[in-house]
Every structure is written in structure tokens, then in C-alpha cells.
Amino acid sequence: MVGRRTAASSLAAGALTGTVALYMALVAFGNITDFDTNRAFVQHVLAMDTTFKDPDLMWRAVTSRSLQDAAYVAIIVWETASAAVLVVATVLWALRRDLARRLSGLGLVMVLLLFGAGFLAIGGEWFAMWQSKTWNGLEAATRNIVLAGIALLVVQLTPAAAARRTPARPDPGQE
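Notes on the structure follow. (Residues numbered from 1 in each chain as written. Predicted model: local features only at pLDDT ≥ 70, side-chain atom pairs only at ≥ 80, totals over all residues. Heavy atoms only, no water.)

**Description of the side chain of Ser-132**
Part 1 of the argument: Here Ser-132 shows up in the loop between α5 (97–126) and α6 (138–157).
Part 2 of the argument: Using a relative accessible area of 5% as the deciding quantity, one classes Ser-132 as buried.
Part 3 of the argument: Here the side chain of Ser-132 touches Thr-50 through a polar contact of 2.6 Å, side chain to side chain.
Part 4 of the argument: Polar contacts involving the side chain of Ser-132 include one to the main-chain amide nitrogen of Trp-135, which spans 2.8 Å. (Helix = DSSP H or I, 4+ residues; strand = E, 2+ residues; numbered from the N terminus. Buried < 20%, exposed > 50% of the residue type's maximum accessible area, 1.4 Å probe, protein only. Polar contact = N/O pair within 3.5 Å; in protein donor to acceptor, adjacent residues only side chain to side chain.)

Here it is in C-alpha cells:
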């Protein structure tokens, strides 16, 4: 019975890791092949040009096109790296569960950091993205956090692979 539960947990953890891997790979692919669409999103969020334009907040705006592009490229690099880590982790769920847990955890935390720290905290609060009717990505970021968070819980609750034990050799002096 325990073996079935462990196998089911591993299957669930691998499937959820694979789901987030696929999602992140498609997000990165979309941002690379259709660079300008989400570039506009990042530019408007950082420029804070669709917020309430409160003078007490507008000093935070980043209006340099170069800095905006650097931020967007950094996001794409992070998305690509997290997708790569999660793809490898997905494959490892079938081969080496102990390493799969670690890589899944790493990749999922990368996704949580991107959408939690990056989009909710920095974009949503620091750059007041919540004020924009047009360039507000908080709902999408929240969906991504929920998906990655649930996957991380399942991964962390999946039992680690039992250590491979070799039979103990008797001490030559005790024979």
C-alpha cells in the first residue's frame, strides 16, 4: 500500500512539475518569438504611465528604454532558466526521484519568485501596477503563484526515494 501511495505521489509531483515546465517554456517561447507584445507591458508597468500619477509615487518610475528592455530580457532569461530546470526535473521523476524533488523545488521556487516578488511585489506594489486598468498583471501573476505553489506542495509532500542500502559487511574481527 505504501509503495502505491509513493508511486501515486511521484506521478502527481512529476505531472505538476511537467505542467509548470510546459507553461513556463511556452511563456518564454512567446516572449522570445513575440518580443514586442510583453515588452510593451513591462515598459508601461515600469514607466507607471497608466497609474494615478500620484507625485508621491511617480519618482519610482523607470522611463529609460534601455533599463526597461534590460528588465524585460532579465525576465525572459529567468523564465527560460526556470523552464529548463523544470523540464529536467520532470524527466528525472521517472529516473531519480531524489534529484527530481530537489530540481522541482528549485524550479518552482524560481517561478514563485518571478511572479510573487517580481510581479506582485515589485510590479504590483512598487510600480503601482494595481492602479492600471490596461497594464495590470496581478490576476495572471496570482494564477501562476497558485499553480506553482500547489505543485511545490505536492513535490515537497512526495516521499524522498529510499536510500539505496547495501548490506552491511560484518567486521572482520567479529567473524
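**Comments concerning the packing of aromatic side chains**
When we look at a pair of aromatic rings, we describe it by the centre distance and by the angle of the planes.
Part 1 of the argument: Within the structure shown, the criterion is met by 6 aromatic pairs.
Part 2 of the argument: An angle of 25° between the planes, with centres 5.3 Å apart, marks the rings of Phe-115 and Phe-119 as stacked. With Phe-115 and Phe-119 both in helix α5 and 4 residues apart, this pair spans about one turn of that helix.
Part 3 of the argument: Taking the relative accessible area as the measure of exposure, Phe-115 reaches 6% and is therefore buried.
Part 4 of the argument: Connected via pairs of aromatic rings, a cluster forms that spans Phe-41, Phe-115, Phe-119 and Trp-135. (Phe/Tyr/Trp six-rings, centres within 6.5 Å; stacked < 30°, edge-to-face > 60°.)

**Here's the deal with the side chain of Gln-43**
Part 1 of the argument: Mapped onto the elements, Gln-43 comes out in helix α2 (residues 35–47).
Part 2 of the argument: Given the relative accessible area of 14%, Gln-43 is considered buried.
Part 3 of the argument: Not counting the four nearest positions on each side in its chain, Gln-43 is found in contact with Arg-65, Gln-68 and Asp-69. (Contact = heavy atoms within 4.5 Å.)

**Describing unusual backbone geometry**
Negative phi characterises most residues that are not glycine, and trans characterises most peptide bonds.
Part 1 of the argument: Phi at Met-48 takes a positive value of approximately 55°, unusual for a residue other than glycine.
Part 2 of the argument: Among the secondary structure elements, Met-48 is positioned in the loop between α2 and α3 (55–58).
Part 3 of the argument: Looking at Met-48, the relative accessible area reads 0%, which means it is buried.
Part 4 of the argument: In the Ramachandran plot, Ala-128 falls in the positive-phi region, its phi being about 50° despite a non-glycine side chain.
Part 5 of the argument: Examined against the element boundaries, Ala-128 turns out to sit in the loop between α5 and α6.

**Let's talk about the pattern of salt bridges**
Side-chain pairs of opposite charge can arise where the charged atoms are in close proximity.
Part 1 of the argument: The final tally for this structure, using the stated rule, is 5 salt bridges.
Part 2 of the argument: The shortest N-O distance in the salt bridge between Arg-39 and Asp-36 comes to 3.0 Å. With Arg-39 and Asp-36 both in helix α2 and 3 residues apart, this pair spans about one turn of that helix.
Part 3 of the argument: Of the charged contacts, one joins Arg-65 and Asp-69 as a salt bridge, the two residues approaching to 3.9 Å between their closest N and O atoms. Linking Arg-65 with Asp-69, this pair stays in helix α4 (residues 65–95), spanning 4 residues, or about one helical turn.
Part 4 of the argument: Its relative accessible area of 46% is what places Arg-65 among the partly exposed residues.
Part 5 of the argument: Among the residues examined, Asp-69 registers a relative accessible area of 16% and is labelled buried.
Part 6 of the argument: It is possible to trace a salt-bridge network through shared partners that takes in Asp-36, Arg-39, Arg-65 and Asp-69. (Salt bridge = Lys/Arg side-chain N within 4 Å of Asp/Glu carboxyl O.)

**Re the nonpolar core**
General note: in soluble globular proteins, nonpolar side chains tend to be found buried as a group.
Part 1 of the argument: Val-20, Met-24, Leu-108, Val-111, Phe-115 and Phe-119 are the most contacted members of the largest nonpolar core, which has 36 residues in total.
Part 2 of the argument: For this core, the element with the most residues is α4, which contributes 9 residues.
Part 3 of the argument: The residues contacting Leu-108, other than those within four sequence positions of it, are Val-20, Leu-86, Ala-148, Ala-151, Leu-152 and Val-155. (Core = buried A, V, L, I, M, F, W, Y, C linked by side-chain atoms within 4.5 Å.)

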